[in-house]
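What follows is each chain in one-letter form.
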Amino acid sequence: MTVRVDPARFDPGAELNAFSKGVGNAGAVVSFTGVVRDVAGGLSAMEIEHYPGMTEKAIAAIVDEAKSRWTLADALVIHRYGRLEAGEMIMMVATASRHRVDAFQAAEYLMDYLKSRAPFWKKELTRAGSEWVEARDEDEKALDRW
Amino acid sequence: MIEVLYFAWVRERIGIPRERIETGAATVAELVDELRAREDRYVAAFEDLRALRVAIDQELTDFSAPLKGAREVAFFPPMTGG
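Here we summarise the structure given alongside this text. (Residues numbered from 1 in each chain as written. Chains lettered and ligands numbered in written order. Predicted model: local features only at pLDDT ≥ 70, side-chain atom pairs only at ≥ 80, totals over all residues.)

**Overview of the interface of chain B and chain A**
Going by this rule: With C-beta atoms placed from the backbone, a contact is any residue pair whose C-beta atoms sit within 7 Å. By definition, any uninterrupted DSSP run of H or I lasting at least four residues is a helix, any uninterrupted run of E lasting at least two residues is a strand, and each is numbered from the N terminus. Charged means Asp, Glu, Lys or Arg here, nonpolar means Ala, Val, Leu, Ile, Met, Phe, Trp, Tyr, Cys or Pro, and polar covers whatever is left, Gly included.
Chain B puts 13 residues into the contact, and the matching count from chain A is 21 residues. Residue assignment for the side of chain B that touches chain A shows that the elements contributing at least two residues are helix 1 (8-14) and strand 5 (72-76) of chain B. Looking at the side of chain B that touches chain A, its residues break down into 9 nonpolar, 4 polar and no charged.

**What to know about the packing of helix 2 (residues 54-69) of chain A against helix 3 (residues 100-117) of chain A**
Residue and element names in this part refer to chain A. Quick reminder of the rule: Interaxial angle, 0 to 180 degrees, is taken between N-to-C directions of lines fitted to C-alpha atoms, where a helix line uses only the stretch in contact. Should an angle fall under 35 degrees it is taken as roughly parallel, and over 145 as roughly antiparallel, whereas 65 to 115 is taken as roughly perpendicular and any remaining angle as oblique. In this scheme the handedness of a crossing depends on how the near helix is turned from the far one: anticlockwise by less than a right angle means left-handed, clockwise means right-handed.
Running from N to C, helix 2 and helix 3 point in directions that differ by 150°, and their axes come no closer than 10 Å. Relative to helix 3, helix 2 is oriented roughly antiparallel. The hand of the helix 2/helix 3 crossing is right-handed. Residue-level inspection shows A58, I59, I62, V63, A66 and R69 of helix 2 in contact with helix 3, the latter providing A106, Y109, L110, Y113, L114 and R117. Here the residues of the contact of helix 2 with helix 3 sort into 10 nonpolar, no polar and 2 charged.

**Observations regarding the environment of H99(A)**
All names here are of chain A. Worth spelling out the cut-off: The exposure label follows from counting other C-beta atoms within 10 Å of a residue's C-beta, where the C-beta atoms are placed from the backbone and the thresholds are 20 or more for buried and 12 or fewer for exposed, leaving partly exposed in between.
Relative to the helices and strands, H99 resides in the loop between strand 6 (89-97) and helix 3. Residue classification places H99 among the exposed positions, given that 12 C-beta atoms sit within 10 Å. Considered as a pair, H99 and E124 are 25 residues apart in the sequence and their alpha carbons are 38 Å apart. Beyond its immediate stretch of four places on either side in the chain, H99 contacts G27 and A28.

**Digging into the sheet that holds strand 5 of chain B**
All names here are of chain B. To keep it simple, the criterion reads: Two strands qualify as a pair provided that DSSP identifies no fewer than 2 bridges between them.
Pairing is mixed across the open sheet formed by 5 strands, whose spatial order is 2-1-5-3-4. Two strands bound the open sheet, and with one partner strand each, they are strand 2 (18-21) and strand 4 (59-61). Going from strand to strand, the sheet's axes swing by 30° on average, the running direction of each strand aside. As judged from the 4 bridges shared by strand 1 (residues 2-6) and strand 5, these two strands associate in the parallel manner. Paired with E3 across the bridge in strand 5 is E72.

**Examining unusual backbone geometry**
Residue and element names in this part refer to chain B. The residue A8 is not glycine, and still its phi comes out positive at about 55°. With respect to the secondary-structure elements, A8 resides in helix 1. For A8, a count of 24 C-beta atoms within 10 Å corresponds to the buried category. Although it is not a glycine, D57 adopts a positive phi angle of roughly 45°. Relative to the elements of secondary structure, D57 occurs in the loop between strand 3 (53-56) and strand 4. On the basis of neighbour count, D57 is assigned to the partly exposed category, with 15 C-beta atoms found within 10 Å.

Purely spatial values, then, with no claim about function.
Structural data, given as structure tokens:
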């Protein structure tokens, strides 16, 4: 299991290839990549703040919980912080399992929990000014299905 | 002494990312009351506790949690990762 919290850019293709090579005969690899989207008004950049120390612990706990619920050969979480431009990759999750259902479900679980339980905060910088992204009710509700 | 950390708009309203505080507060809620009594910037940051989350020693908890033995308390808005 790999968790990386890092301001540096990453190449999701290269990460996925490296991850897939290391999973043996897992049979199923699922990945998700989050990208900085443009917003109305023209996004110039996004700033991501996090809580060093707690972030790594919180993500490790989320990954551990996923491992206890599904049979996973491996899992990867990369999450950036700092300043990101529109179109840049923010984060990625990859899961490997013997069968696809476990890999898909575990990846969705990781995404749902990373959104609402890992201590990151996004701020959008537009021509009009800057604004903290507000947590959405549906993101919190998404946790109920697990 | 307890290390108190602030993130995102809580940090911006208070104006500093962290501070060490001497407190006799028994719970997080009591610590918030002490801070609010200090200065307006704390009142602005802690205006609506429903809009805030709190962690003690890097574990999410709630405002009624006891502070006994805590080294670090962090206040922040709901998280927006992913």
